[in-house]
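# Report on the structure
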Amino acid sequence: MKRLWFLGIALVLLLLASCGGGGGGGPISAPPPNGNGTLPPPAPPPSGYKWTVMHYVAADNNLAIPKLLEVGQLLDLNNYCSDVAVVIQAEFWDGELDKYRGFDPELDEAIQMLESTVPRGRLTNPDEPDDPNDQEFSREGFNSASPAALTSFLQWSKANFPAEHYALILDGHGSSWRTHRQVTAILTDESSGELPMTTKQVAQAISAAGLHIDVLDLRSCVMGNVEVALDLKPIADFLVYSQTYMCAPREYLANVQSYINTHPEVSPRSLASQIVSSYNSYYQTGDFPEAATLSAVDLSKVDTLVDALGDVASSTSADSALTPSELRVARSSSQPFYQGLNVDLLDVLDEMAPLAGSSTATAISQARNALNSFIVASMFKAGESPKGEGAALTRASGVSIFFPNRMNYADDILGEYSQLQFESRTSWGDVVEKMYEGDSPIPFVPGGFTFVLAWDSNVDIDLYVAEAAREDVSEDDLSVASPWLGSTGQDGYLSADSANSGYSYEGYAAYPRVHDGYYLVLADYYSDGWGVIG
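Let me begin by describing the structure that accompanies this report. Quick caveat: nothing in here was measured; it's all calculated off a predicted structure.

To continue, consider the overall build of the protein chain. The helix and strand inventory of the protein chain stands at 17 helices and 24 strands. Burial analysis of the protein chain (534 residues in total) assigns 55% to the buried set. In the protein chain, once contacts between residues fewer than 6 apart in sequence are set aside, the share between residues at least 24 apart is 77%. As displayed, the protein chain offers around 20,400 Å² of accessible surface, 51% of which is attributable to carbon and sulfur atoms.

See the structure below:
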């Protein structure tokens, strides 16, 4: 296990060098060594650890390189201690690692091992021996997005590293309560070809392991919805998540782990707040154009919030003052997230309140109070909208809710939403249906088409696809996809950005079913040449 990790570090060092270095001040200083210049191995406490921190890295996808960089930062730490057990299971996609073959024989060996092996083990200081409980699994047939794989890792963690408190970091792709026409998906596995886990399955996997999580940290994009929190309430006390895209700030992740290592007495609530504070410090002190959000919420308060939002929904449905046009005004004035599928919850409540009748206004006031109690800590950095969300991010409270723009009011989206526990508790879908009263959902039609943009010399070319342009969809609600904005659009997948890939090629592949409309293709000759990693 140690050899695998050290070979992995060698690969990480290459990647760090090729990406311009990591920044963030480097590794944390070690405590003083003993007489022979080495750190003594930590002895396990007789009554268990204060904290067991479990990193579950599902990077059998296009996140393999950034997640490997994050793991490299964790491996660089040298302040692991006897009161905190830090364990990890990580899988990386060979489709990404293969790009770095041929630099050096030792690095090729590291890539081969990481492409064939899923390591599971305890992270210790570099000069300490392997933990006897470390394991390795073959990647053949392994699926990090399966509930069974997550349950197995948690059972192993609990059996070998019992603790007073447990923190679980789920590190991988995420997409709110809905992704690619599926409900509540988080964690994907490219090699298996299977569907992502739903948040309900995450809760079931944790429950099956016999664990209750003190702090559940979703290091995944756009998971910061009230709908997601309700699904996870039975298995965790505090939840940390983001309303928008998380851009892999690897130093921040190591800084959080270092804090736990040096503060083993930290309470779950304080740790959840500290994670948000560390994220805020990272973004406020660096030069980052993209916006960022992160929040910690108290899941013991989610039922009160959900009940209050149910009252808002029932009152709104019967409120003659809140007409469909007024609801659209409130929605269009609210901060959107995830390409217009969601909006900021506090924002939309504040936009609805002055338009509502008295009973609805009272219900909104109570919901605002419940939301304030639910949120433990939150940070927001204004900036460019990552991956083309359709609007710059100028405000965020920490929690989103489904409230779609016209383009996202499509196909059987309300039928999908009805599968959520949140909808069965609140009938929030009735508010969405009232907002679009008189409008039919945009139909889906067969997709599967592709667009390819190529050049015969070394250039940076940009492909843009305006997805499903329609007369009944405003320009503000139109989705525009491009590789430099992200790997997925509203209706299709995108190739790598030619500025990074080293190829004068960009492409778009539509999903099997797409919004009905015109797909407009634009080509931009951005510049001669490109930046090549390596």
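What follows concerns the pattern of salt bridges. Summed over all chains, the structure comprises 19 salt bridges. The partner of Asp 472 in a salt bridge is Arg 406, with the nearest N and O atoms 3.3 Å apart. Of the two residues, Asp 472 is situated in the loop between strand S19 (459–469) and strand S20 (479–481) and Arg 406 in the loop between strand S16 (400–402) and helix H14 (413–417); the sequence distance between them amounts to 66 residues.

Running from N to C, helix H11 (residues 324–332) and helix H16 (residues 428–435) point in directions that differ by 105°, and their axes come no closer than 8 Å. Here H16 runs roughly perpendicular to H11, going by the angle between their axes. On H16, the residues that touch Pro 324, Leu 327, Arg 328 and Arg 331 of H11 are Val 431, Lys 434 and Met 435. Looking at side-chain class alone, the contact of H11 with H16 contains four nonpolar, no polar and three charged residues.

Before going further, it helps to spend a moment on a nonpolar patch on the surface. Together, Val 452, Tyr 503 and Tyr 505 make up an exposed nonpolar region whose accessible area comes to about 350 Å². Structurally, Val 452 is set in strand S18 (residues 450–454). For Val 452, a relative accessible area of 53% corresponds to the exposed category.

Time to look at the sheet that holds S18. If you trace the three strands from one edge of the open sheet to the other, you get S18-S22-S21, paired in antiparallel fashion. Each of the sheet's edge strands pairs with one partner strand only, and the pair in question is S18 and strand S21 (492–494). The sheet shows a mean angle of 10° between the axes of neighbouring strands, direction not considered. In the sheet, S18 pairs with strand S22 (residues 505–510) via five bridges, with the strands oriented antiparallel. Directly across from Val 452, in S22, lies its bridge partner Gly 507.

Before going further, it helps to examine the packing of aromatic side chains. For any pair of aromatic rings, the description rests on two quantities: the centre-to-centre distance and the angle between the ring planes. A full pass over the atoms with the stated rule returns 19 aromatic pairs. Here Trp 156 and Phe 161 contribute two aromatic rings whose centre-to-centre distance is 5.4 Å and whose plane-to-plane angle is 70°, an arrangement assigned as edge-to-face. With respect to class, Trp 156 is no different from Phe 161; both count as buried. Relative to Tyr 511, the ring of Tyr 493 lies with its centre 4.9 Å away and its plane at 80°, an arrangement referred to as edge-to-face. Here Tyr 493, found in strand S21, pairs with Tyr 511, found in the loop between S22 and strand S23 (513–515); they are 18 residues apart in sequence, far enough to count as distant. Exposure remark for Tyr 493: the relative accessible area of 41% places this residue in the partly exposed category. Among the aromatic residues, those joined into a ring-pair cluster are Tyr 49, Tyr 56, Phe 153, Trp 156 and Phe 161.

Relative orientation of the contacting elements helix H5 (residues 147–160) and helix H6 (residues 199–208) amounts to 35°, with a least axis distance of 8 Å. Remark: the crossing between H5 and H6 carries right-handed chirality. Along its contact with H5, which presents Pro 147, Leu 150, Thr 151, Leu 154 and Gln 155, the element H6 presents Gln 201, Val 202, Ala 205, Ile 206 and Ala 208. Looking at the contact of H5 with H6 residue by residue, the classes come out as seven nonpolar, three polar and no charged.

Before going further, it helps to examine the side chain of Glu 506. As for its position among the elements, Glu 506 is in strand S22. Polar contacts involving the side chain of Glu 506 include one to the main-chain amide nitrogen of Leu 463, which spans 2.8 Å. Side-chain polar atoms of Glu 506 contact the backbone nitrogen of Ser 498, separated by 2.9 Å. With near-sequence residues (within four places) excluded, Glu 506 lies in contact with Phe 451, Val 452, Leu 453, Ile 461, Asp 462, Leu 463, Pro 483, Ser 495, Ala 496, Asp 497 and Ser 498.

Conventions and cut-offs
- Residues numbered from 1 in each chain as written.
- Predicted model: local features only at pLDDT ≥ 70, side-chain atom pairs only at ≥ 80, totals over all residues.
- Heavy atoms only, no water.
- Helix = DSSP H or I, 4+ residues; strand = E, 2+ residues; numbered from the N terminus.
- Buried < 20%, exposed > 50% of the residue type's maximum accessible area, 1.4 Å probe, protein only.
- Contact = heavy atoms within 4.5 Å.
- Areas by Shrake-Rupley, 256 points an atom, 1.4 Å probe, with all protein chains shown as cover.
- Salt bridge = Lys/Arg side-chain N within 4 Å of Asp/Glu carboxyl O.
- Axes fitted to C-alpha atoms, helices over the stretch in contact; angles between N-to-C directions.
- Parallel < 35°, antiparallel > 145°, perpendicular 65-115°, else oblique.
- Nonpolar A, V, L, I, M, F, W, Y, C, P; charged D, E, K, R; others polar.
- Patch = residues over 30% accessible without salt bridge, like charges linked within 9 Å, V, L, I, M, F, W, Y side chains within 5 Å.
- Pairing = 2+ DSSP bridges.
- Phe/Tyr/Trp six-rings, centres within 6.5 Å; stacked < 30°, edge-to-face > 60°.
- Left-handed = near helix turned anticlockwise from the far one by under 90°.
- Polar contact = N/O pair within 3.5 Å; in protein donor to acceptor, adjacent residues only side chain to side chain.

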